[in-house]
Amino acid sequence: MKRLERKHPLAIRWFHWINFPVLFVMMWSGLLIYWANDVYRVGFGSHTLLHFFPEQFYERFNLSSRLAEGMAWHFTFAWFFALNGLLYVLFVAFSGEWRYLLPTRKSFGEAFQVVLHDLKIRKSPLPRAKFNGAQRFAYTGVVVMGFGSLVTGLAIYKPIQLAIITRILSPSFLGASGYEVARWLHFWLTIGFCGFFLVHVAQVIRAGWNNFRAMITGFEVVRDETEETPHVA
Ligand code: HEM
């Protein structure tokens, strides 16, 4: 028998769907800024495997010579990103939703089982839960990443006024200034968001319409006889 089950509170759905376009604008405007001084690469020694980003990338997506515009968008939307994130964290803390989201000791084993299941090594269905161990790690991790982006963003926005952050980020063994460390972290956190986004959307597609619809309507259709629901990470 099928029945409707409450899954995601209204506030969480709003925070989630507001975050998506806001994060998109943050990344796009970040690229407009990054173009002016594109220093990062993957490589060893003087050998570069991948330079972020090739000239054709900026040309293809019309990202060149728009530094001032990028800064204006970035510094405006950062407020929305921060406010939306803060309200989300407060809601999760005070509503008790954190119980479904924070990893527990069980989550390590569960996340491992999810990987085995996704690789089709584990054949038996996963136990039914709002969020499995892998999701708990991914969703808590992405919130920590958001916080990291804000702090490092503030450090490179106002490195003098917020010298306390740059000072914390420049332990002597690193041999780099707090500003450089903050900028490096800010960039790689953004690459991390892209990675999260690709896996998250792929998992949403794999989990199917019922799961996606629940993030819009708040309700999921549940079959009493099934043990397993599709999952997202
Ligand atoms: C990069 C942008 C995104 C971030 C940072 C993000 C983050 C999250 C987080 C933290 C949750 C857990 C929410 C909670 O219950 O508190 C979640 C759930 C979810 N997200 Fe996203 N999301 C993003 C983009 C998307 C997109 C584009 C889609 C649609 C294709 C999507 C679909 C979903 C769905 C369906 C769930 C519920 C998963 C389930 O119930 O198993 N998200 N997302």
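As shown above, the structure is provided for reference.
Structural notes, computed from the coordinates. (Residues numbered from 1 in each chain as written. Predicted model: local features only at pLDDT ≥ 70, side-chain atom pairs only at ≥ 80, totals over all residues.)

1. Points about the overall build of the chain
The condition is simple: Per the convention used, a helix needs a DSSP run of H or I reaching at least four residues, while a strand needs a run of E reaching at least two, with both numbered from the N terminus. Three classes are used. A residue is buried when 20 or more other C-beta atoms lie within 10 Å of its own, exposed when 12 or fewer do, and partly exposed in between, with C-beta atoms placed from the backbone.
When helices and strands are tallied, the chain shows nine helices and four strands. When the helices and strands of the chain are placed in sequence order, the string is β-α-β-β-α-α-α-α-α-α-α-α-β. When its C-alpha atoms are laid out on the principal axes, the chain stretches across 60 × 40 × 40 Å. Each of the 233 residues in the chain was classed as buried or not, and the buried ones make up 18%.

2. As for helix H6 (residues 133-157)
Selection rule: To estimate how far a helix should extend, the number of its residues minus one is multiplied by 1.5 Å. For every residue pair, C-beta atoms are placed from the backbone, and the pair is scored as a contact if these atoms sit within 7 Å.
Taking 1.5 Å of rise per residue, the 25 residues of H6 would be expected to cover 36 Å, and the 36 Å separating its terminal C-alpha atoms lies within 8% of that figure. Burial in H6 covers these residues: Gly133, Ala134, Gln135, Arg136, Gly146, Ser149, Thr152, Gly153, Ala155 and Ile156. The inward-facing, buried residues of H6 abut helix H3 (67-95), helix H4 (98-101), helix H5 (105-118), helix H7 (163-168) and helix H8 (178-207).

3. Focus: the pairing of strand E1 (residues 2-6)
Applied cut-off: DSSP bridges decide pairing: two strands pair if at least two such bridges lie between them.
With zero of five residues buried, E1 is to be regarded as a mostly surface element. Relative to strand E4 (residues 219-223), E1 is paired through five bridges, and the arrangement is antiparallel. Bridge pairing in E4 places arginine 3 opposite valine 222.

In short, geometric facts, not functional conclusions.
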